[in-house]
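Below, each chain spelled out in residue letters.
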Amino acid sequence: MPSASRRTSRAILSRFDELSAAIGRLSVSDLETRGALRTGVLGLIDRVPAKEARACVSLRLVAEALRPDRDRGQRQPALHQAALSLLEAVRAYLASPKAGDRLSAIEGRERSTIAIMRNLPEASPALKPRTSDLIGLTERRPRSVVARAESLPALALPNDTDRSLLGDFCDEAFEYIESAEAALLVLEREPDNGEAAQTVMRAFHSIKGTAGFLKLDGLVARAHHGESLLGERRSRDGFAGRIAALSLRALDALRDTVKNLDASRDGEPLAYPSGFLGVLRELEDIDAEPGTSAAGPTGPRGATSASTARDSGATHSARVRLDRLDALVDAVGELVVAHWMIAQDPAAGRDHPELARKVAHAGKLVRDLHDMGMGLRMVPLRGTCNKLVRLARDLAHRAGKQVDCRVDGEMTELDRNMVELVADPLMHMVRNAIDHGIEPPDERQAHGKPAAGSLTLRATQMNGQVVVALSDDGRGLQRDRILERARARGLVHPGEVPSDADMLDLIFAPGLSTAEQVTDVSGRGVGMDVVRRNIQALHGRVDIQSTPGQGTTITLRVPLTLAITDGMLVRVGDERYIVPTTNVVVSFRPDRGALFTVGGRGEMVRLRHDVLPLVRLHRLLDVDGASEDPTAALLMVVGAGDRRCALLVDAILGQQQVVAKPVTAGAGHVPGISGAAILGDGRVGLILDVPQVLDLARRAQPNTQAVA
Amino acid sequence: MTAAPGKYLTFFLGAEEYGMEILAVHEIIGVLPITRVPRTPPFVRGVINLRGRVISILDLRRKFDLPAVEPGPTSCIIVVAAHAAHVGLLVDRVSEVADIAAGDIEQPPPLGAGVQTDYLVGIAKSAARVRLLLDIARVIDAGDLAAAGPDGGAPTAA
């Protein structure tokens, strides 16, 4: 922020000087002049820029010291002196707010002033001027906002509401609420961040404005009261600690209201969320509660610091319905295929070179269009990151822990559909980190760590994949406890000591939770196994690193989009299947000597030093007419996790990117098949789900073990 | 539940004429190349590419335990909307759109144990014709289909 805009105008400063001079001349008995000077000081408050909330509080204290209807007897001359020096300190601060320790000078003088007012020993260090004290000293409570809010108009839809407009409004409101939430999390860390404060106020204001346009009087009233209360609090205290927490709850209440509105479009009765008035009341009564504003809140203090700053620089955007976007992307996908068919046609190829050139040119445009279409669905992870920070904050509050959250790379983009699918596993990981990873503050300090744990979420894009890593600096995975649990559950034989990597891998086993207590937060016996399964379903993988006493990092790797799968097209008999390239290790044609059987039926193949189970894909998928002789066909080694096997296929037809589509109703869920794609000739090809194929193979050949 | 009067699309499976409510019909297309889907019940023919959308094709002959035949020149796929998705039904021949009056509809007779008739919701008799009226949502019972495949099982953690 440029300092020029903060600098208080010369006229106001000279008014300060006038008042200072008058206070210096003031005699103790001259109550009339004192009253006039008090009015003058109060008048200054209105002229000081609104963002100088701190200065306004001090000026209130000056005014209070000059109150003519309260005589503090022998202390009054000292009080005049204190008021004078406080007024001068405020002036110095306003003249150049950036200069050094002027704010602390103000605080020191406030302390003296309050000490005199309360007849306390001079400037006891315990006497930290609390804004709540100042307000309590100086003000009669304004007419209760809550009393006003209690008579709010009912939340009702006007009869002529345009439902689609209402839907747009709800979407927009959710966005405002989300950005305000992010800004509040920033404010918890940086209470002076004016821009973030503006974002919060703007959210309430904008919702109020649009709601007014839609004649949603109940909502207008709520947003208005939220805005005005927050505004009042902010001008006194800034968005410190408890106010931010309450503001978050006010936002939640507003979000619930909008949710109910959204649901009412589908005919749900329009109910009022409870709790909104409660939050308002707490906001109003915040001063009445002892010690709240000064006490350091437990819980995370952090959030992304740059997010709100970027909001203002955001490019313009248009709102498009998702189904239209999907339809567009689908149509472009079809165009790619249709174009491919034309390009393959001999009539357009070697017979007519001129036409071939035009077709090739069209092909380039089609590919560009395809890339752009895919780009349309990419959205930044920011929304998810904000939710996670909020979750971490709330969980830590509940668990009585302190956590500093940092987010890195929140603008990393991912397919919209993927964003929703990675959010759940990430939330689970955050829960685990707060609940099991990060220690309570005293335990941390006993180990020589800072009381506040740190939780870092880092997202990057790498080689067509998005990598999201969640790190905490907690106690790390407790290997002895994992082993104990795993033995109790029969996952590890007694006496067997797994390698460190295997040990960490055990936490992905179903039902293995090492939490000492089952809380409502986590520890329900489902955990990392679900995370891994969800991520594998996205063709991604989960890795874990953990150092005892130093923390844990869990890394998710998922493809940018589920819509496009990079695949190898293989032929099996008359059928063609797509094997995701991420699962393909190597393909080879074996010698007869490399093939052998185990127990007369389990077929195996040796590849260099590995021995792999041989899986006849055509038998697994019940395809006729496929080659039976591996030495005349091809073995494709596929892997998922640590498991591998060699699939017998007739031939590899090529590598291509395909648009993955779900196989819907009718075929239901088909084991071994993750989806379908339109191939170049317009027919449908099925995409193999390699982990499931491995499972099917293991069940078909129970006496063979998948070997690494 | 008895079939409601109204417009019905009628079609043939062998010599039998069936009817389904026209509102359920999305479109009628010729037979496109069908990709077989492994490990599905026999009446699931496979999937086709319907203008970029992958939809499943059910063979109504197999579904109703009629002798299976390969699609011929009059064979059609009736695309219907059911259970929030589109499904194609392979039939021998599409006949007509018939207006069926309430007075023509009779309750289906009980057909003895072992014959599955819950999707048969009425019999329409007119002039010399008998049409079997189907509740298409019951023909395409999503839950039934999902359970009909071999147990997929939950993938175990590696």
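Residues numbered from 1 in each chain as written. Chains lettered and ligands numbered in written order. Predicted model: local features only at pLDDT ≥ 70, side-chain atom pairs only at ≥ 80, totals over all residues.

Enquirer: Can you lay out the overall build of chain A for me, pointing to particular residues and giving the numbers?
Expert: The secondary structure content of chain A amounts to 24 helices and 18 strands. In chain A, which comprises 708 residues, the proportion classed as buried is 39%. Pairs at least 24 residues apart make up 70% of the contacts formed inside chain A by residues separated by at least 6 positions. (Helix = DSSP H or I, 4+ residues; strand = E, 2+ residues; numbered from the N terminus. Buried ≥ 20, exposed ≤ 12 C-beta atoms within 10 Å, placed from the backbone. Contact = placed C-beta atoms within 7 Å.)

Enquirer: Give me the packing of helix 17 (residues 382–399) of chain A against helix 18 (residues 416–437) of chain A: which residues, what numbers.
Expert: All names here are of chain A. Between helix 17 and helix 18, whose axes approach to 10 Å, the crossing angle comes to 25 degrees. One finds that helix 17 runs roughly parallel with respect to helix 18. Note that helix 17 runs across helix 18; the crossing there is right-handed. On helix 18, the residues that touch T384, K387, L388, L391, A392, L395, A396 and A399 of helix 17 are V419, A423, L426, M427, V430, R431, I434 and D435. Within the contact of helix 17 with helix 18, the residues separate by chemical class into 12 nonpolar, 1 polar and 3 charged. (Axes fitted to C-alpha atoms, helices over the stretch in contact; angles between N-to-C directions. Parallel < 35°, antiparallel > 145°, perpendicular 65-115°, else oblique. Left-handed = near helix turned anticlockwise from the far one by under 90°. Nonpolar A, V, L, I, M, F, W, Y, C, P; charged D, E, K, R; others polar.)

Enquirer: A description of the pairing of strand 5 (residues 53–59) of chain B should follow, citing residues and the corresponding values.
Expert: All names here are of chain B. Taking burial as the measure, the 7 residues of strand 5 include 6 buried ones, the bulk of the element. Summarising the sheet, strand 4 (residues 44–50) and strand 5 pair through 6 bridges and their orientation is antiparallel. Directly across from I48, in strand 5, lies its bridge partner I55. Hairpin geometry of strand 4 and strand 5 is characterised by an intervening segment of 2 residues between the two adjacent antiparallel strands and by a positive phi of about 45 degrees at R51. Two elements, strand 5 and strand 7 (residues 85–91), share 4 bridges in a ladder whose sense is parallel. Considered in strand 7, the bridge of I57 is made with G88. (Pairing = 2+ DSSP bridges.)

Enquirer: Can you break down the environment of A451 of chain A residue by residue, with the values?
Expert: On the secondary structure map, A451 of chain A appears in the loop between helix 19 (441–446) and strand 4 (453–462). Beyond its immediate stretch of four places on either side in the chain, A451 of chain A contacts Q402, P441, R444 and Q445 of chain A.

Enquirer: Give a description of the pairing of strand 9 (residues 575–580) of chain A that names residues and reports values.
Expert: Residues and elements named next belong to chain A. Of all 6 residues in strand 9, 6 are buried; the element is thus mostly enclosed. Burial of strand 9 is two-sided: the residues E575, Y577 and V579 facing one way and the residues R576, I578 and P580 facing the other way are all buried. Two elements, strand 9 and strand 18 (residues 684–688), share 2 bridges in a ladder whose sense is parallel. Counterpart to Y577 in the pairing with strand 18 is L686.

Enquirer: Go over the packing of helix 2 (residues 10–25) of chain A against helix 3 (residues 31–47) of chain A, please, and point to the residues and values.
Expert: Residues and elements named next belong to chain A. In contact at an axis separation of 11 Å, helix 2 and helix 3 are set at 160 degrees when each is read in the N-to-C sense. Judged on the interaxial angle alone, helix 3 and helix 2 are roughly antiparallel. For helix 2 against helix 3, the interelement crossing comes out left-handed. Between helix 2, through I12, R15, L19, A22 and I23, and helix 3, the contact on the second element is made entirely by L37, G40, V41, L44 and R47. A class-by-class count of the residues in the contact of helix 2 with helix 3 yields 7 nonpolar, 1 polar and 2 charged.

Enquirer: Break down the nonpolar core for me, citing the residues and quoting the values.
Expert: Residue and element names in this part refer to chain A. One finds V579, M636 and L647 to be the most contacted residues of the largest nonpolar core, which totals 80 residues. Sequence-distant contacts of M636, that is, excluding residues within four places in its chain, are made with V570, V579, V584, S587, A646, L647 and V649. In terms of nonpolar packing, the next biggest core, distinct from the first, is built from 72 residues, V186, A244, A245 and I507 among them. (Core = buried A, V, L, I, M, F, W, Y, C linked by C-beta atoms within 7 Å.)

Enquirer: Report on helix 10 (residues 194–213) of chain A, specifying residues and quantitative values.
Expert: Working note: α-helix, 3.6 residues per turn, so residues spaced by three or four point in the same direction. All names here are of chain A. Taking 1.5 Å per residue, 20 residues should reach 28 Å; helix 10 reaches 28 Å between its end C-alpha atoms and fits that length. Among all positions in helix 10, only A196, A197, T199, V200, A203, F204, I207, K208 and A211 are buried. In the stretch just after helix 10, K215 is the one whose phi turns positive, near 60 degrees. (Expected span 1.5 Å × (residues − 1).)

Enquirer: Which residues make up the sheet that holds strand 11 (residues 129–134) of chain B, and what are the values?
Expert: Residue and element names in this part refer to chain B. Reading across the sheet, the 6 strands line up as 8-1-2-11-10-9 and stay open at both edges, with mixed pairing between neighbours. Of all strands in the sheet, those bounded by a partner on one side alone are strand 8 (93–100) and strand 9 (105–106). Where strand 9 and strand 10 (residues 120–126) come together, 2 bridges link them in antiparallel fashion. If you follow E106 over to strand 10, its bridge partner there is I123.

Enquirer: Could you give an account of the sheet that holds strand 10 (residues 584–588) of chain A, naming the residues involved and the relevant values?
Expert: Residue and element names in this part refer to chain A. Spatial strand order, 10-14-15-13-12-11: 6 strands in an open sheet with mixed pairing. Of all strands in the sheet, those bounded by a partner on one side alone are strand 10 and strand 11 (595–598). If you compare each strand with its neighbour and ignore which way they point, the axes differ by 35 degrees on average. Here 4 bridges tie strand 12 (residues 602–607) to strand 13 (residues 610–616), and the two strands are oriented antiparallel to one another.

Enquirer: So what's going on with unusual backbone geometry? Which residues, and what values?
Expert: Phi is positive for R608 of chain A, which is not a glycine, with a value near 50 degrees. Here R608 of chain A lies in the loop between strand 12 and strand 13.

Enquirer: An account of the confidence of the model for chain B is requested, with residue identities and associated values reported.
Expert: Per-residue pLDDT for chain B has a mean of 82; in total, 84% of the residues score no lower than 70. Note that pLDDT drops below 50 for residues 144–158 of chain B; the model gives that stretch 29 contacts with residues more than four away or on any other chain. (pLDDT = per-residue confidence, 0-100.)

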